[in-house]
Amino acid sequence: MDVTIRKAVPSDSKILTALTFASKRYWNYPEEYIRIWEDELTILEDYINNNEVYAAEVSGYIAGYASILYNPEDHLSGLTLVRKGYWLEHLFIHPDFIRQGIGVMLLDHVKSKCRDIGDCTKLFIFADPHAKGFYIKQGAVFLEDCPSSIPGRTLPLLELDIL
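Below is a summary of the structure that appears in this document. (Residues numbered from 1 in each chain as written. Predicted model: local features only at pLDDT ≥ 70, side-chain atom pairs only at ≥ 80, totals over all residues. Heavy atoms only, no water.)

Attention now moves to the packing of helix α1 (residues 13-26) against helix α2 (residues 31-41). Axis separation between α1 and α2 bottoms out at 11 Å; the angle between their running directions is 150 degrees. The angle between α1 and α2 falls in the class roughly antiparallel. The interaxial crossing formed by α1 with α2 has right-handed handedness. The residues of α2 that touch α1, namely those facing T17, T20, F21, K24 and R25, are E31, I34, W37, E38 and L41. Taken together, the residues of the contact of α1 with α2 sort by class into four nonpolar, two polar and four charged. (Axes fitted to C-alpha atoms, helices over the stretch in contact; angles between N-to-C directions. Helix = DSSP H or I, 4+ residues; strand = E, 2+ residues; numbered from the N terminus. Parallel < 35°, antiparallel > 145°, perpendicular 65-115°, else oblique. Left-handed = near helix turned anticlockwise from the far one by under 90°. Contact = heavy atoms within 4.5 Å. Nonpolar A, V, L, I, M, F, W, Y, C, P; charged D, E, K, R; others polar.)

Residues other than glycine seldom take positive phi values, yet S59 does so here, at roughly 50 degrees. Checked against the element boundaries, S59 lands in the loop between β2 (52-58) and β3 (61-71). The backbone of R99 shows a phi angle near 70 degrees, a positive value even though the residue is not glycine. Take R99: it is sitting in the loop between β6 (85-93) and α4 (102-117).

Enumeration according to the criterion identifies nine salt bridges in this entry. Between R6 and D12 there is a salt bridge whose closest N-O contact spans 2.8 Å. By sharing partners, the salt bridges in this structure join R6, D12 and E57 into a single network. (Salt bridge = Lys/Arg side-chain N within 4 Å of Asp/Glu carboxyl O.)

A separate point is α1. An ideal rise of 1.5 Å per residue puts 20 Å on 14 residues; α1 measures up with 20 Å between its terminal C-alpha atoms. Where α1 is concerned, the buried positions are S13, L16, T17, L19, T20, F21, S23 and K24. Just past α1, the residue N28 takes up positive phi, approximately 60 degrees. (Expected span 1.5 Å × (residues − 1). Buried < 20%, exposed > 50% of the residue type's maximum accessible area, 1.4 Å probe, protein only.)

Roughly 1,300 Å³ of internal volume is contained in the largest pocket. Take the lining of the largest pocket: its biggest share by element is seven residues, from β6. (1 Å grid on protein atoms, 1.4 Å probe; cavity = no way out; pocket = protein on both sides within 12 Å on 5 of 7 lines; lining within 4 Å. Points joined across faces, edges and corners; volume = space filled by probe spheres on them.)

Now for the packing of aromatic side chains. Applying the stated rule across the entire model yields 10 aromatic pairs. Between Y26 and W27 the ring centres are 4.8 Å apart and the planes differ by 90 degrees, which places this aromatic pair in the edge-to-face class. Residues W87 and F124 carry aromatic rings whose centres are separated by 5.2 Å and whose planes lie at 40 degrees to one another, so their mutual orientation is tilted. Here W87 is found in strand β6, whereas its partner F124 is found in strand β7 (residues 122-126), with 37 residues between them in sequence. Both residues of the pair, W87 and F124, belong to the buried class. Members of the aromatic cluster, each reached through a chain of ring pairs, are Y29, Y33 and W37. Stacked on the ring of Y54, the Lys or Arg K7 has its end atom at 5.7 Å from the ring centre. Positioned above the aromatic ring of F142 is the side chain of K132, whose terminal nitrogen or guanidinium carbon lies 4.1 Å from the ring centre. (Phe/Tyr/Trp six-rings, centres within 6.5 Å; stacked < 30°, edge-to-face > 60°. Lys NZ or Arg CZ within 6 Å of the ring centre and 35° of its normal.)

A word on the nonpolar core. Side chains of nonpolar character tend, in soluble globular proteins, to be buried together. If you look at the biggest cluster of nonpolar residues, it comprises 27 residues, and the most contacted ones within it are L88, L91, I102, V110, L123 and Y135. When residues of this core are traced back to their parent elements, those giving at least two are β2, β3, β6, α4, β7 and β9 (154-161). Element by element, the count of residues in this core is highest for α4, at five residues. By size, the runner-up hydrophobic cluster in this structure holds 17 residues, among which are Y29, I34, W37 and I43. (Core = buried A, V, L, I, M, F, W, Y, C linked by side-chain atoms within 4.5 Å.)

Following this line, the structure appears as structure tokens:
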């Protein structure tokens with residue numbers, strides 16, 4: 001399979017949003033959760049303009065994407081402390097391409113981009129519980145479970161060394 005990773009462009013926003021929700025539905029999350037996540041998982045053109053967003057293409061089709069976000073200071077988001085530093089904010093793969101190595105390629109690409117940035121020596125990740133094992137297999141370290149936007153649900157907070 002020939003995979004090309006490129007910088008996302010604003011016109012990709014609707015495709016990335018649809019891919020995100022298709023990926024979440026792959027894990028059989030209830031529609032109630034999908035509605036709660038609507039704002040935080042909708043990828044707007046401004047998001048692509050203001051962050052490092054990379055799309056993985058297979059035969060001209062966007063099969064997945066990843067994004068890096070810099071958080072300039074510690075802050076609370078609901079009950080959760082969001083730490084100062086670089087974050088892997090999104091890494092989603094379309095269900096037709098899950099378990100085909102695209103996630104590893106995107107993560108390797110993001111790590112390479114972080115090394116180019118210079119002061120990005122680690123990435124924080126609020127991982128979907130289904131993806132925790134993937135990130136640990138890629139070298140991330142589990143830090144703690146944090147409250148999510150879904151009451152009673154937690155997300156693993158991981159840290160991935162870039163160097």
